[in-house]
Amino acid sequence: MDDPLTPVDPLERTLHTARALVLADLASGEVAAADVVSMVEDSVVQRRWWVEQWPEGAAYVAGLVAQDVQDALLESHGRWPLCPVCGSGDPHALEVEPELGPDPHWVCHKAGVKVASVGSLGAATGGAATS
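Residues numbered from 1 in each chain as written. Predicted model: local features only at pLDDT ≥ 70, side-chain atom pairs only at ≥ 80, totals over all residues. Heavy atoms only, no water.

Draft legend 1. Inspection of the sheet that holds strand S2 (residues 105-108) at higher detail. Strand order across the open sheet formed by 3 strands is S1-S2-S3, with antiparallel pairing between neighbours. The sheet terminates laterally at strand S1 (95-97) and strand S3 (113-117), the two strands that pair on one side only. Direction aside, the axes of adjacent strands within the sheet are offset by 40 degrees on average. Summarising the sheet, S2 and S3 pair through 4 bridges and their orientation is antiparallel. By the bridge assignment, valine 107 is partnered in S3 with lysine 114. Strands in contact with helix H3 (residues 61-76) are S1 and S2; relative to S1, the strand with the most contacts, it is inclined by about 165 degrees. (Pairing = 2+ DSSP bridges. Helix = DSSP H or I, 4+ residues; strand = E, 2+ residues; numbered from the N terminus. Axes fitted to C-alpha atoms, helices over the stretch in contact; angles between N-to-C directions. Contact = heavy atoms within 4.5 Å.)

Here's what the structure looks like:
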């Protein structure tokens, strides 16, 4: 059994944080079903390998996991998360910016606004369903 006082490896902390942020956004949109959580887990496994190869990229993992899950959801469930800013026109998904950088956030390119940081989508949408 692991000692609870043993420090967590920085890589594990990064991966757990990315998982938690993306799961928070999914839960705020009520799309955190078991198959979707599996998509998050699959992405975390892939990004573990990626950051082991490029440790300097650790700050980018949360944004990459969010993009991975968004891509996987598009193939199986449709666009996510839908923009809560634009009230008219065709529904469209938010995008993660920067595509490869620290401090990832959800943006609406139509309105040209930052909607929320990855992990804080619920605050921006009031926790309403975004799928």
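Having put the structure on the table, let's press on.
Draft legend 2. Quick peek at the packing of helix H1 (residues 10-28) against H3. Taken N-terminus to C-terminus, the directions of H1 and H3 make an angle of 45 degrees; their axes are 9 Å apart at the nearest point. In terms of orientation, H1 lies oblique with respect to H3. When you trace H1 past H3, the crossing you get is right-handed. Contacts between H1 and H3 involve Thr14, Leu15, Ala18, Leu21, Val22 and Leu26 from the former and Val61, Ala62, Val65, Ala66, Val69 and Leu73 from the latter. Taken together, the residues of the contact of H1 with H3 break down into 11 nonpolar, 1 polar and no charged. (Parallel < 35°, antiparallel > 145°, perpendicular 65-115°, else oblique. Left-handed = near helix turned anticlockwise from the far one by under 90°. Nonpolar A, V, L, I, M, F, W, Y, C, P; charged D, E, K, R; others polar.)

Draft legend 3. Structural context of helix H2 (residues 34-53). With 20 residues, H2 ought to run about 28 Å at 1.5 Å a step, and its terminal C-alpha atoms sit 29 Å apart, in line with that. Check the buried side of H2 and you find it contacts H1 and H3. (Expected span 1.5 Å × (residues − 1).)

Draft legend 4. Fine view of the environment of tryptophan 80. Here tryptophan 80 lies in the loop between H3 and S1. As a C-alpha pair, tryptophan 80 and valine 69 span 11 residues in sequence and 9.0 Å in three-dimensional space.

Draft legend 5. Molecular detail of the pattern of salt bridges. Under the definition given, this model contains 3 salt bridges. Two residues, arginine 19 and glutamate 41, come together in a salt bridge whose shortest N-O distance is 3.0 Å. Of the two residues, arginine 19 sits in helix H1 while glutamate 41 sits in helix H2, which places them 22 residues apart along the sequence. The partner of aspartate 68 in a salt bridge is arginine 47, and the shortest N-O contact between them spans 2.8 Å. In this pair, aspartate 68 is assigned in helix H3 and arginine 47 in helix H2, connecting sequence segments 21 residues apart. The residues aspartate 68 and arginine 47 share a single accessibility class, namely buried. (Salt bridge = Lys/Arg side-chain N within 4 Å of Asp/Glu carboxyl O. Buried < 20%, exposed > 50% of the residue type's maximum accessible area, 1.4 Å probe, protein only.)

Draft legend 6. Inspection of unusual backbone geometry at higher detail. In this chain, tryptophan 80 is followed by proline 81 through a cis amide linkage whose omega measures -15 degrees. Mapped onto the elements of the fold, proline 81 is located in the loop between H3 and S1. For glutamate 30, which is not glycine, the phi torsion reads 55 degrees and is therefore positive. Mapping glutamate 30 onto the fold places it in the loop between H1 and H2.

Draft legend 7. Expanded view of the pairing of S2. Neither face of S2 is left uncovered, since the one carrying His105 and Val107 and the one carrying Trp106 and Cys108 both have all their residues buried. Examined bridge by bridge, S1 and S2 share 3 bridges and lie antiparallel to one another. Of the residues in S2, the one forming a bridge with valine 96 is tryptophan 106. Between the end of S2 and the start of S3, which pair antiparallel, lie 4 residues, with glycine 112 showing a positive phi angle near 70 degrees.

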